[in-house]
Amino acid sequence: QVQLVESGGGLVQAGGSLRLSCAASERTFSSYTMGWFRQAPGKEREFVAHINWSGGYTYYADSVKGRFTISRDNAKNTVYLQMNSLKPEDTAVYYCAADTSRRHTTLELRTSRGYDSWGQGTQVTVSS
């Protein structure tokens, strides 16, 4: 499995911005769909966004659409999540994930079932 390491989390005031990064250990990263998920205390892990191998297709949860942007740099084996206009309800541990099997459907890729490698997560806290 590919190793994924997230960074960039922290404490920010409401309305602020953060940029998360997820570095992958393999060059085959460039062939994987990558996703971002988050999990708030006492809640289930939820889908945030995903991006296809080339970066030509992205999809967002309604809760972050227009505020978050997912992107990738295959030369650096890294996927990013730019988060703007942050709200207290965005507070969570954010995880990146990879679909290394490349066999999951578009609908599966909007759930945790679509991914088989996960990072350890990075905490994002938005204060009001």
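These numbers come from a predicted model, not from an experiment.

Criteria and cut-off values
- Residues numbered from 1 in each chain as written.
- Predicted model: local features only at pLDDT ≥ 70, side-chain atom pairs only at ≥ 80, totals over all residues.
- Heavy atoms only, no water.
- Phe/Tyr/Trp six-rings, centres within 6.5 Å; stacked < 30°, edge-to-face > 60°.
- Buried < 20%, exposed > 50% of the residue type's maximum accessible area, 1.4 Å probe, protein only.
- Lys NZ or Arg CZ within 6 Å of the ring centre and 35° of its normal.
- Helix = DSSP H or I, 4+ residues; strand = E, 2+ residues; numbered from the N terminus.
- Pairing = 2+ DSSP bridges.
- Axes fitted to C-alpha atoms, helices over the stretch in contact; angles between N-to-C directions.
- Salt bridge = Lys/Arg side-chain N within 4 Å of Asp/Glu carboxyl O.
- Core = buried A, V, L, I, M, F, W, Y, C linked by side-chain atoms within 4.5 Å.
- Contact = heavy atoms within 4.5 Å.

> I tried to follow the packing of aromatic side chains on my own but got confused; where do I start?
Each aromatic ring pair is specified by the distance between its two centres and by the angle formed by the two planes. Taken as a whole and judged by the stated rule, the model has five aromatic pairs. Where Tyr 115 meets Trp 118, the ring centres are 6.2 Å apart and the plane angle is 70 degrees; that geometry is what we call edge-to-face. Of the residues examined, Trp 118 reaches a relative accessible area of 25% and is grouped as partly exposed. One aromatic cluster in this structure is built from Phe 37, Phe 47, Tyr 59, Tyr 115 and Trp 118. Above the plane of the ring of Tyr 95 lies Arg 45, whose end atom (NZ or CZ) is 3.9 Å from the centre.

> I tried to follow the pairing of strand E4 (residues 33–39) on my own but got confused; where do I start?
Regular strands show a simple pattern: their side chains alternate between the two faces of the sheet. Burial within E4 is extensive, with six of its seven residues counted as buried. Relative to strand E9 (residues 92–99), E4 runs antiparallel, the two sharing seven bridges. Each residue of the ladder has a partner; that of Phe 37, found in E9, is Tyr 95. Taken together, the five bridges between E4 and strand E5 (residues 46–51) define a ladder with antiparallel strand orientation.

> Is there a simple way to think about the sheet that holds strand E3 (residues 18–24) in this case?
In sheet architecture, strand pairing relies on hydrogen bonds along the backbone and comes in two forms, parallel and antiparallel. Spatially, four strands are ordered E1-E3-E8-E7 in an open sheet, and the strand pairing comes out antiparallel. Either end of the sheet is taken by a strand with one partner, and the two such strands are strand E1 (4–7) and strand E7 (68–73). If you compare each strand with its neighbour and ignore which way they point, the axes differ by 15 degrees on average. Bridging between E3 and strand E8 (residues 78–83) involves six bridges; their strand directions are antiparallel. Its bridge partner being in E8, Leu 20 is matched across the sheet by Leu 81.

> I'm lost on the pattern of salt bridges in this one. Help?
Close approach of charged atoms allows side chains with opposite charge to pair. This model, assessed by the stated rule, comprises four salt bridges. In this structure, the salt-bridge partner of Glu 46 is Arg 38, at a minimum N-O distance of 2.6 Å. Classification of Glu 46 by relative accessible area gives partly exposed; the value is 33%. With a closest N to O distance of 2.9 Å, Asp 90 and Arg 38 form a salt bridge.

> Would you mind showing me how to read the nonpolar core here?
With 35 residues, the main nonpolar core has Met 34, Trp 36, Leu 81, Met 83 and Tyr 94 as its most contacted residues. Secondary-structure elements contributing two or more residues to this core are E3, E4, E5, E7, E8, E9 and strand E11 (122–127). For this core, the element with the most residues is E9, which contributes five residues. Apart from residues lying up to four places away in sequence, Leu 81 is in contact with Leu 18, Arg 19, Leu 20, Trp 36, Val 48, Phe 68, Thr 69, Ile 70 and Tyr 94.

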